[in-house]
Amino acid sequence: METVVILGGGPCGLSAAWELSKTRKNVVVIEAQSSLGGLCKTIRYNGFNFDLGGHRLISKNDELLNKVSELMGDELLVSERVSAIRLNGREFQYPLSAGDILRQTDVRFLSGCLIDYAYQSIYQKIRRSPDTSFEDWVINRFGKKLYNTFFKDYTSKLWGIPPDKLSSDWAAERISLLNLWDVVLRLCGLGKDTPRTYTRNFFYPKQGIGQIFEYIAVEIKKSGGNIILNANFKMLLLEGKRVKGVVYDIKGKDEVIDCDWVISTIPITDLLCNQDRGGECLDVSEAVRSLRYRSLRFLNILLDKPEIGKNTWTYIPDGKYIMTRIQEPKKRSPHNTPDGKTSLILEIPCFYNDEIWNMPDDLLFKRCINDLLKLGIDVKGEVIDYFYTREKHAYPIYQLDYKLHLKKLLSSLDGIANIHICGRNGLFRYIFMDRAMEMGFEAAKIVQGKRMKEENTNSIN
């Protein structure tokens, strides 16, 4: 019986294990943390559910949706998103609403944006500027006024680097609006093909997004698959151009699993900096150091209050506030809190081991509560309890030269026939949950020989 080792128990790794566990293969999932779900796990605390950020299931892949629906049954809800951007004391609906925009801004601002956009459009036709950085991409399509108003500060806060040092790839993947004309059409109700980021309705489990992966884990175990938690990957054991085993640490003791295939969804930097190539030296240390991940610290607040407001989440672009987004989990599912109570999740971007990551819990809590008060959200007398969660590898940072370093890392694995890299952290790609699950299913097909394995460097667009 072939043994397949899957590194990482997030959406991608668990989806691969789910598919492979139905076949005559010995499937072993190695997960470093004490619970499954990766970036899409749910923390349960005193009757409250807290996700790591704002997750929802949206997909055009009917096969994926059918799989999850059949798995979850009545536990899968259809929820409606209500989101906003709070800026300069005003709250803008998102997706954009014509009436709301007109109420919240003045003719002078709108005229300035349109004039700026017209100028930029003409300039682009006369002398086209390259889309090198995030700043370039947005200004080339929106103009400087909209860029400075809605994008500049938020982007700097979220990523921890100036927008002119961030690759345009992130904008191209994540910003739905191609130009201001699209905004105008959408405001008038004439826009076509609603982009993904505008989708209002989404699937969401009763007990948090992590419930999907808890159910998948049960199915894996039912089919004979093995899931090992609190297991830290250490290295691959190679024999020529094949992986012959995986070494991991559990409770301070090294364990070895002989294997026929490895599917890796862990950060590519972690996979390679621990890799044993039988004495062969790989010059990838510079690339490992150059690829960075943005971390997140989540403040989860339990509140003795029925609700805070109507928004599922609210973006906070202003740099003077420490958080980038405020979420009320009850707006995703009423089962995320006990009756008569609500909660908040504050997303606080940082770097691993920086000042914010290491800030004492009570000091960060006071800072956040004061920021909420300044934003018009007074919860001082309603707090039942609070706690923090952290994610070291939250977002891959697309610095201007990231593709060069990523290509070097991935190409170092080319030629190794029985390893497949996938997932957000594995490929250093900012993908949605549904795409991560699709990648897991695709990986399972590769292992089964139903799909050709491409070289890892082909994964870089």
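Residues numbered from 1 in each chain as written. Predicted model: local features only at pLDDT ≥ 70, side-chain atom pairs only at ≥ 80, totals over all residues. Heavy atoms only, no water.

Enquirer: Honestly, helix 2 (residues 62-72) in this entry has me stumped. Any pointers?
Expert: The α-helix advances 3.6 residues per turn, and as a result positions three or four apart in sequence lie on the same side. Buried within helix 2 are the following residues: Leu 64, Leu 65, Lys 67, Val 68, Leu 71 and Met 72. Each buried residue of helix 2 lies within a common arc of 160° when the element is viewed along its axis, so the set occupies one face. For helix 2, the exposed residues set more than 90 degrees away from the buried face come down to Asp 62, Glu 63, Asn 66 and Glu 70. The inward-facing, buried residues of helix 2 contact helix 1 (11-20), strand 5 (76-80), strand 8 (201-205), helix 9 (210-222) and helix 16 (433-447). Residue Asn 61 occupies the N-cap position of helix 2, its side-chain oxygen lying 3.0 Å from the main-chain nitrogen of Glu 63. Positive backbone phi, at 60°, marks Gly 73, one or two positions downstream of helix 2. (Buried < 20%, exposed > 50% of the residue type's maximum accessible area, 1.4 Å probe, protein only. Helix = DSSP H or I, 4+ residues; strand = E, 2+ residues; numbered from the N terminus. Arc of directions from axis to C-beta. Contact = heavy atoms within 4.5 Å. Polar contact = N/O pair within 3.5 Å; in protein donor to acceptor, adjacent residues only side chain to side chain.)

Enquirer: Whenever I open this one, the packing of helix 5 (residues 134-142) against helix 6 (residues 144-159) confuses me. Can you help?
Expert: The angle between the axes and the distance between the axes are what describe a pair of packed helices. Across the interface, helix 5 lies against helix 6 with an axial gap of 9 Å and an inter-helix angle of 150°. Between helix 5 and helix 6, the interaxial angle falls into the category roughly antiparallel. The chirality of how helix 5 crosses helix 6 is right-handed. Across from Phe 134, Glu 135, Val 138, Ile 139 and Phe 142 in helix 5, the residues of helix 6 making contact are Lys 144, Leu 146, Tyr 147, Phe 151 and Thr 155. Here the residues of the contact of helix 5 with helix 6 sort into 7 nonpolar, 1 polar and 2 charged. (Axes fitted to C-alpha atoms, helices over the stretch in contact; angles between N-to-C directions. Parallel < 35°, antiparallel > 145°, perpendicular 65-115°, else oblique. Left-handed = near helix turned anticlockwise from the far one by under 90°. Nonpolar A, V, L, I, M, F, W, Y, C, P; charged D, E, K, R; others polar.)

Enquirer: Which parts of the structure should I look at to understand the packing of aromatic side chains?
Expert: Two aromatic rings are characterised by how far apart their centres lie and by the angle between their planes. Counted by the stated rule, this structure contains 21 aromatic pairs. Note on Tyr 386 and Tyr 388: the rings are 5.9 Å apart at their centroids and 85° apart in plane angle, and the pair reads as edge-to-face. A relative accessible area of 25% places Tyr 386 in the partly exposed class. Feature note: the residues Phe 134, Phe 151, Trp 159, Trp 170, Tyr 395 and Tyr 430 constitute an aromatic cluster, connected by ring pairs. Lying over the aromatic face of Phe 351, Arg 294 brings its terminal NZ or CZ to 4.3 Å of the ring centre. (Phe/Tyr/Trp six-rings, centres within 6.5 Å; stacked < 30°, edge-to-face > 60°. Lys NZ or Arg CZ within 6 Å of the ring centre and 35° of its normal.)

No statement about biological role is implied by the geometric values presented.
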